[in-house]
Amino acid sequence: MLFLKRAFRSFGEERCADLADFERLITSAPPRALFAAWRQIWRGERLPDKEALDITLFKRFLADVFLYQYDPQRKDFFIKLVGNNILTVRQGHYKPGQYLDELMGKESGMRGRYLWRQTIERPCALVSLRQREQERLSERIILPLRDKAGNFFVIGATQYHSGFVARMDYEPLTKLTNRALFLELGKIPPTPAPPPIGG
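What counts and what doesn't
- Residues numbered from 1 in each chain as written.
- Predicted model: local features only at pLDDT ≥ 70, side-chain atom pairs only at ≥ 80, totals over all residues.
- Heavy atoms only, no water.
- Helix = DSSP H or I, 4+ residues; strand = E, 2+ residues; numbered from the N terminus.
- Expected span 1.5 Å × (residues − 1).
- Buried < 20%, exposed > 50% of the residue type's maximum accessible area, 1.4 Å probe, protein only.
- Pairing = 2+ DSSP bridges.
- Phe/Tyr/Trp six-rings, centres within 6.5 Å; stacked < 30°, edge-to-face > 60°.
- Salt bridge = Lys/Arg side-chain N within 4 Å of Asp/Glu carboxyl O.
- Contact = heavy atoms within 4.5 Å.
- Lys, Arg positive; Asp, Glu negative; His and termini not counted.
- Polar contact = N/O pair within 3.5 Å; in protein donor to acceptor, adjacent residues only side chain to side chain.

With respect to helix α3 (residues 29–40)
With twelve residues, α3 extends 17 Å between its outermost C-alpha atoms, agreeing within 8% with the 16 Å of an ideal straight helix rising 1.5 Å per residue. Of all the positions in α3, only P30, P31, A33, L34, F35, A37 and W38 are classed as buried.

Topic: the pairing of strand β6 (residues 152–160)
Within β6, seven of the nine residues are buried, which leaves the element mostly enclosed by the surrounding structure. As judged from the five bridges shared by strand β2 (residues 65–71) and β6, these two strands associate in the antiparallel manner. Across the sheet, the residue bridging to L67 is I155, located in β6.

A short note on the packing of aromatic side chains
Under the counting rule described, the total for this entry stands at nine aromatic pairs. Their ring planes at 15° and their centres at 6.3 Å tell us that F35 and W38 sit as a pair that is stacked. With F35 and W38 both in helix α3 and three residues apart, the pair spans about one turn of that helix. The two residues F35 and W38 agree in class, both being buried. Residues F77 and W116 carry aromatic rings whose centres are separated by 5.5 Å and whose planes lie at 70° to one another, so their mutual orientation is edge-to-face. One end of the pair, F77, is in strand β3 (residues 76–82); the other, W116, is in helix α6 (residues 106–121), with 39 residues separating them in the sequence. Take F77 and W116: they sit in the same class, and that class is buried. Every member of this aromatic cluster is reached through a ring pair, and the members are F66, Y68, Y70, F77 and W116.

Quick notes on the pattern of salt bridges
Enumeration over the complete set of coordinates arrives at eight salt bridges. Here K148 ties to D49 by a salt bridge, and the two come within 2.5 Å at their closest N and O atoms. Here K148 is found in the loop between β5 (135–146) and β6, whereas its partner D49 is found in the loop between α3 and β2, with 99 residues between them in sequence. Across the pair K50 and E51 runs a salt bridge whose closest N-O atoms are separated by 2.9 Å.

Here's the deal with the environment of W42
Along the polypeptide, W42 turns up in the loop between α3 and β2. Judged by its relative accessible area of 3%, W42 falls in the buried class. C-alpha of W42 to C-alpha of A52: the two residues are ten residues apart in sequence and 9.9 Å apart in space. Once residues within four sequence positions are removed from consideration, W42 is found in contact with P48, L185, I188, P189, P190 and T191.

As for the pairing of β3
Within β3, five of the seven residues are buried, leaving the element largely enclosed by the surrounding structure. Examined bridge by bridge, β2 and β3 share six bridges and lie antiparallel to one another. Each residue of the ladder has a partner; that of F66, found in β3, is V82. The hairpin formed by β2 and β3 contains four residues between the paired strands, and K75 there has a positive phi angle of roughly 55°.

Section: the side chain of R146
Topologically, R146 is positioned in strand β5. For the buried R146, no salt bridge is present, and the opposite-charge side chain at shortest range is D147, 6.1 Å distant. Apart from the residues within four sequence positions on either side, R146 is in contact with R46, L47, P48, D49, K50, N151, F152 and F153.

A look at the side chain of T158
Relative to the assigned elements, T158 resides in strand β6. The exposure class assigned to T158 is buried, which follows from its relative accessible area of 1%. Of the polar contacts made by the side chain of T158, one reaches the side chain of R140; its length is 2.8 Å. With sequence-adjacent residues up to four places away left out, T158 is seen in contact with D64, F66, I86, E139 and R140.

Right under this line is the structure:
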């Protein structure tokens, strides 16, 4: 595991100092809208309840959103939902039930599992950026959720920019994912629960 952590740091794994630092990295509307909706159900203790997430707050960006469930036996994530914009860019390469390993290949799948598990194990929020020199190719936010049965999920939103080249093979793209930025959930101010109806 130490070897993996050292290898992944070469791709630019960083910790954000605070919420403002993290939010400065989110420049695109779909990730910003999803983060704002997620913060509405963050109470500062256990991970937010998936069923409490109000999709109307990011309804216009649903085509850019994805949802994966964590499989603790395989220590991998499998697809529950993927938005149409992501399917278009990735040429329909995503299907419900597929695991990251199956989608990404050995090297990229290993890195993806490691990064995404941090969101539920630390726990934390994650922004990953792909860029070539000074050109940003894509921007993604990944946020942890759970359900009442205790299952873990990650929900995310991806914005692909004009310079992004769609590839069926993930391996070359790994070398472009040169920034993975985490924000510990404890640094995100909790949103108080709304008062009960009639209370």
